[in-house]
Amino acid sequence: MRVLFVTNAREIGGAEIYLQGLTRALWRRGIYLRVVCPPGPLARSLAHDPIPVVPLDLGTPAGRYRGLNLLHPGNLAHLRSVRRLLQQLQTEAPLDLVHVQQDFKEKLLVSLAARQQGIPVIWTEHGQLLPWLTRPPCRYLYQWAANHLASRIIAVSETVRRSLLQINIRPDLIRCVRNGIPANEFQPQPPDPKRRAMLGIAPDRLVLTTTCRLRRSKGLQYALQSLADLRASGFDRLVYLILGEGKHRLALEAQAARLGLTSSVIFAGFQPCVAPYLAQSDLFVYPSVDREGLPLGVLEAMAMGLPVVATAAGDTAEAVQDGVTGYLVPPGDQRALTAALQKLVADPVRRAAFGAAGRDRYLQRFTLDRMVAETLAVFAEAAGPTAPKESLRA
């Protein structure tokens, strides 16, 4: 099977980590694949892998409808660029599938070009549809494109699947394949005093950690306020480690300074491998108010044996069992978030029990091997019976 993955991502977040995990696993299995993406952080990260990367920039979605005017000269030029690229790749080695996963503009342009050449297209939806896509006129365009251009649509959680059904996407197209992460990369391990020292974390500190793209909808402003409230209540050994980058970072740094938390919050930036940082942690916090699918950061924390305090946004509840592997609180509920954190901060025995239960749940439901096997089954459905199950690289 020959697969082309296309993304127009300019930052690295959950969807891009998903893409890297999936493509690396398929490459190790001998699957012929390439990744198309614009120059930037993702392309630089992929450059460390042996997977061929083809540069292509489909422009930045902008405005209320994020560039969906197909008669706009820029979009017509992007459509022609995709068509030329596919023609070139088809000449070199005919493709069995094209996979797209990012913005709807990307899905639409790539799907139009691919279907013109008879190549089946798979979409992956990583979160609930944005509100503007569920209302006319964009809803009608999305319905038409999904129902007529996509061969299959992978929903990464049950909530994402339901959001597609609610706007009348054909049920026979949708397959729910829950996110997974590699077990060999995420295993519980004791804190490393040297790494803690490198981060400026004293041995006696209790570390709360969040990994995510830094944007307002991820809710880190609530976690910072909870940290300030807890420290004011006497829990002064707390440190908050934040892994990730994004346009909201400056606002978060300013908030931390206003709350007097500058010495208690560590902005460690984007880290291509978060497991060593999670190993320095005692508790994972995911305060999102976003339209989540199944957050990879939560799964990574569970795999590392960390207890989780998270908001019940999207399908986070598919991973976190309230009162078993962690606590779930309503999105945006500051008091509930602080109270849940306080319960675990004050109880090391409960932290250990929740962490162990989370690790078990991860192994049962959210491994990368399971995700890859289910994804390959969807690929085989979309490619049809004439496509080889695997195509070993020469």
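For the structure given in this document, a descriptive report is provided here.

Criteria and thresholds
Residues numbered from 1 in each chain as written. Predicted model: local features only at pLDDT ≥ 70, side-chain atom pairs only at ≥ 80, totals over all residues. Heavy atoms only, no water. Pairing = 2+ DSSP bridges. Helix = DSSP H or I, 4+ residues; strand = E, 2+ residues; numbered from the N terminus. Axes fitted to C-alpha atoms, helices over the stretch in contact; angles between N-to-C directions. Contact = heavy atoms within 4.5 Å. Parallel < 35°, antiparallel > 145°, perpendicular 65-115°, else oblique. Left-handed = near helix turned anticlockwise from the far one by under 90°. Nonpolar A, V, L, I, M, F, W, Y, C, P; charged D, E, K, R; others polar. Phe/Tyr/Trp six-rings, centres within 6.5 Å; stacked < 30°, edge-to-face > 60°. Buried < 20%, exposed > 50% of the residue type's maximum accessible area, 1.4 Å probe, protein only. Lys NZ or Arg CZ within 6 Å of the ring centre and 35° of its normal.

A few words now on the sheet that holds strand 4 (residues 97-100). Two modes of strand pairing occur in sheets, parallel and antiparallel, and in both the strands are linked by backbone hydrogen bonds. Here we have seven strands laid out as an open sheet, ordered 3-2-1-4-5-6-7, and parallel in their pairing. Each of the sheet's edge strands pairs with one partner strand only, and the pair in question is strand 3 (53-55) and strand 7 (174-176). Taking the axes of each pair of neighbouring strands and ignoring which way they run, one obtains an average angle of 25 degrees across the sheet. Examined bridge by bridge, strand 1 (residues 2-6) and strand 2 (residues 32-37) share five bridges and lie parallel to one another. By the bridge assignment, valine 3 is partnered in strand 2 with leucine 33. Each of strand 1, strand 2, strand 4 and strand 5 (121-125) is contacted by helix 1 (residues 14-28), which is oriented at about 155 degrees to strand 2, the strand it contacts most. Packed onto the sheet, helix 5 (residues 138-149) meets strand 5 and strand 6 (152-155) and runs at close to 130 degrees relative to strand 5.

Further remarks concern the packing of helix 4 (residues 104-116) against helix 5. One way to put it is that helix 4 packs onto helix 5 with a least axis distance of 11 Å and a crossing angle of 40 degrees. For the element pair helix 4 / helix 5, the angle class is oblique. For the pair helix 4 and helix 5, the sense of crossing is left-handed. In this structure, helix 4 contributes Phe104, Leu108, Ser111, Leu112 and Arg115 to the contact, and helix 5 contributes Leu141, Tyr142, Trp144, Ala145, His148 and Leu149. Of the residues in the contact of helix 4 with helix 5, the class split is eight nonpolar, two polar and one charged.

This paragraph deals with the packing of aromatic side chains. Enumeration according to the criterion identifies six aromatic pairs in this entry. Between phenylalanine 5 and phenylalanine 379, the aromatic rings sit 6.3 Å apart at their centres with planes inclined by 50 degrees, giving tilted as the arrangement. Linking phenylalanine 5 in strand 1 with phenylalanine 379 in helix 15 (residues 368-383), this pair joins segments that are 374 residues apart in sequence. Take phenylalanine 5: its relative accessible area is 0%, and that puts it in the buried class. What links up through ring pairs into an aromatic cluster is the set Phe104, Trp123 and Tyr142. When the ring centre of tyrosine 277 is taken as reference, the NZ or CZ atom of arginine 195 above it lies at 5.1 Å.

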